[in-house]
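What follows is each chain in one-letter form.
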Amino acid sequence: MSKFSDFNFSGHKALIRVDFNVPIDMDFNVTDNTRITATIPTIKKILADGGSVILMTHLGRPKDGAVDKYSVKHLINSLYKLLYVGHPNSDNYNENTKVLFADDCIGTQAVLAASILKPGEVLLLENLRFYKEEEKGDKVFAEKLSKLGDVYVNDAFGTAHRAHASTAVIANFFPAEKKMFGLLMNAEVLSAEKVLHQSQKPFTAIIGGAKVSDKILVIENLLHRATDIIIGGGMAYTFLKARGGKIGSSLCEDDRLQTALNILEMAKQKNVSIHLPEDSVIADKFAADANTEICPSDVIPDGWMGLDIGPKATGIFNEIIGKSKTILWNGPMGVFEMEKFQAGTKAVAEAVAASTANGAFSLVGGGDSVAAVNKFNLANKVSYVSTGGGAMLEYFEGKTLPGIAAIKKD
Ligand code: AMP
């Protein structure tokens, strides 16, 4: 059991840092409520205990103070529906229950709204990033926020890599027994720890996506942990070129060729097998209606580009995934947004699901691999889908995440 699950919130005002940074369309409708949904169990547990909830979040990247476009008032409806609609008889909610809103996250209005909050009520505070102090990790601002509740709950894994006022600094104003991870954050931390520190071998990391430069530190850190590293997607071609291959006009970071060689050499020394795609689906242009061929990945003709892993590579990758006991997947194997180039990513997603059904622990994280498992309806067939792309990458780079450290240090 976690500290959060054991805590009885009856009579407490829980100040929860959530990550409700969700996409919003021109009419201010939330177009993907995954991040809000992920925190609902945390909120419900507190309300069911007889506590009240004060929610703090950021939304977008407001540059200069308050702007309507980034007001979190646009989230009230989604939050209300997810909390109450469809559950009229559960957890003591009644039809008068609403989501209250304070149009400032500090100041008189927030203090007053928090002070009169009753057990079972939810108060949403206006966008934290309307104050520059939030991202600066300002102590005075953090202390003002801390006064609104008497227990601090961090459920925002998506911002755990930021040392902001509401994600890290604020924890200093609560005693050890009154600060904790929420259910989402706890699940994220446990699954990331399981992969990085308690992995059963063979441990395969599948790293894909566009750029080597984004993933170098992750790959370097995984060389100390994994037995196999599968490299697919656009980034594979920098490795293939570094090894002397001809990659046509495939994606390549020429300033990273030496880095790629260093990684391949380090892997040899550490006895880690790095697997690059033997063949590719190549295209004569970057377009959904391009002409395509299958070609060995190191002899791609000029004017053609590799946009997916080929059938041979897929077979080899699937076999490795099938033998794994721990799997980490970040980044697609190809341009899976286009139908002609989705087969590799789909096959890898299916292989990860099959291996999970066979007892492997699989963690999928990073925006595009999450989008891929969702697209292929496999999200509930892997062990854990992380909600925090940037935070997860930094965790696997071996960095200490301020949002985690702030709670764990006591
Ligand atoms: P990332 O955000 O680095 O994980 O990259 C994800 C993006 O990489 C997706 O939009 C994919 O379409 C793109 N991608 C994957 N494979 C390739 C490839 N072979 N060439 C160009 N882009 C790719």
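Figured I'd write up the structure that's included with this text. (Residues numbered from 1 in each chain as written. Predicted model: local features only at pLDDT ≥ 70, side-chain atom pairs only at ≥ 80, totals over all residues. Heavy atoms only, no water.)

Describing the site of the ligand
By nearness alone, 16 residues border the ligand, and Ala 210, Gly 234, Gly 306, Glu 337 and Asp 368 come closest of all. Between the ligand and Lys 215, the relevant distance is 3.2 Å, taken from an oxygen atom to a side-chain nitrogen or oxygen of the residue. At a separation of 3.1 Å, a nitrogen atom of the ligand approaches a polar backbone atom of Gly 234. Protein coverage of the free-state accessible area of the ligand, which is 510 Å², stands at 80%. Assessed atom by atom at 2 Å from the grid points, the ligand resides in the largest pocket. The residue makeup of the shell around the ligand, split by class, is seven nonpolar, five polar and four charged. (Near = heavy atom within 4 Å. Polar contact = N/O pair within 3.5 Å; in protein donor to acceptor, adjacent residues only side chain to side chain. Areas by Shrake-Rupley, 256 points an atom, 1.4 Å probe, with all protein chains shown as cover. 1 Å grid on protein atoms, 1.4 Å probe; cavity = no way out; pocket = protein on both sides within 12 Å on 5 of 7 lines; lining within 4 Å. Sits in = over half its atoms within 2 Å of the grid points. Nonpolar A, V, L, I, M, F, W, Y, C, P; charged D, E, K, R; others polar.)

Overview of the packing of aromatic side chains
One pass over the full model with this rule turns up six aromatic pairs. Through a chain of ring-to-ring contacts, three or more aromatic side chains come together here, namely Phe 4, Phe 7 and Phe 9. (Phe/Tyr/Trp six-rings, centres within 6.5 Å; stacked < 30°, edge-to-face > 60°.)

Some points on the pattern of salt bridges
Tallying each qualifying case throughout the model produces 14 salt bridges. The salt bridge involving Asp 49 is made with Lys 45; its shortest N-O contact spans 2.8 Å. Here Asp 49 pairs with Lys 45, and both are found in helix H2 (residues 34-49), just four residues apart, close to one helical turn. Residues Lys 73 and Asp 68 are paired through a salt bridge, measuring 2.6 Å at the closest nitrogen-oxygen approach. Owing to a relative accessible area of 37%, Lys 73 belongs among the partly exposed residues under this scheme. By relative accessible area, Asp 68 is classed as partly exposed at 41%. (Salt bridge = Lys/Arg side-chain N within 4 Å of Asp/Glu carboxyl O. Helix = DSSP H or I, 4+ residues; strand = E, 2+ residues; numbered from the N terminus. Buried < 20%, exposed > 50% of the residue type's maximum accessible area, 1.4 Å probe, protein only.)

Quick word on helix H12 (residues 343-357)
For H12, with 15 residues, the first-to-last C-alpha span of 21 Å sits near the 21 Å given by 1.5 Å per residue. Residues Gly 344, Thr 345, Ala 347, Val 348, Ala 349, Ala 351, Val 352, Ala 353, Ser 355 and Thr 356 constitute the buried set of H12. Looking at the buried positions of H12, the neighbouring elements they touch are strand S7 (203-207), strand S14 (305-309), helix H11 (311-323), strand S15 (326-330), strand S16 (361-364) and helix H13 (367-375). Backbone geometry just downstream of H12 places Gly 359 in the positive-phi region, at approximately 110°. (Expected span 1.5 Å × (residues − 1). Contact = heavy atoms within 4.5 Å.)

What to know about the sheet that holds strand S12 (residues 292-296)
Taken in spatial order, the three strands line up as S12-S11-S14 in an open sheet, and their pairing is antiparallel. Taken across any chain shown, the strands that pair with only one partner, and hence form the sheet edges, are S12 and S14. Mean inter-strand twist for the sheet, computed between neighbouring axes without regard to direction, equals 40°. By the bridge criterion, five bridges tie strand S11 (residues 279-283) to S12 in an arrangement that is antiparallel. Residue pairing across strands places Ala 283 opposite Thr 292, the latter belonging to S12. Sheet strands touched by H11: S11, S12 and S14. Its angle to S14, the strand with the most contacts, is close to 35°. (Pairing = 2+ DSSP bridges. Axes fitted to C-alpha atoms, helices over the stretch in contact; angles between N-to-C directions.)

Let's talk about the nonpolar core
Counting 75 residues, the largest nonpolar core has Leu 125, Leu 222, Ile 229, Ile 231, Phe 239, Phe 396 and Ile 404 as the members making the most contacts within it. It is helix H7 (residues 183-197) that provides the largest number of residues to this core, a total of six residues. Mapping this core onto the domain boundaries places at least three of its residues in each of domain 1 (3-181) and domain 2 (189-396). Apart from the residues lying within four places of it in its own chain, the contact partners of Leu 222 are Leu 196, Phe 203, Ala 205, Ile 207, Ile 229, Leu 328 and Phe 396. In this structure, Ala 14, Val 30, Leu 55 and Leu 124 belong to the second largest nonpolar core, which totals 28 residues. (Core = buried A, V, L, I, M, F, W, Y, C linked by side-chain atoms within 4.5 Å. Domains from an automatic or database assignment.)

Considerations on a positive patch on the surface
On the surface, a cluster of positive charge is contributed by Arg 61, Lys 63, Lys 69 and Arg 162. Its place among the elements puts Lys 63 in the loop between strand S2 (52-56) and helix H3 (76-83). Residue classification places Lys 63 among the exposed positions, given a relative accessible area of 72%. (Patch = residues over 30% accessible without salt bridge, like charges linked within 9 Å, V, L, I, M, F, W, Y side chains within 5 Å. Lys, Arg positive; Asp, Glu negative; His and termini not counted. Charge placed at Lys NZ, Arg CZ, Asp CG, Glu CD.)

Observations regarding the sheet that holds strand S5 (residues 151-154)
Sheet architecture is open: six strands sit in the order S3-S4-S2-S1-S5-S6, paired in parallel fashion. Edge positions in the sheet fall to strand S3 (99-102) and strand S6 (179-181), since each of these pairs with one other strand and no more. With strand direction ignored, the average angle separating the axes of adjacent strands in the sheet is 25°. Looking at chain direction, S2 and strand S4 (residues 122-125) are connected through three bridges and run parallel. Its bridge partner being in S4, Leu 55 is matched across the sheet by Leu 124.

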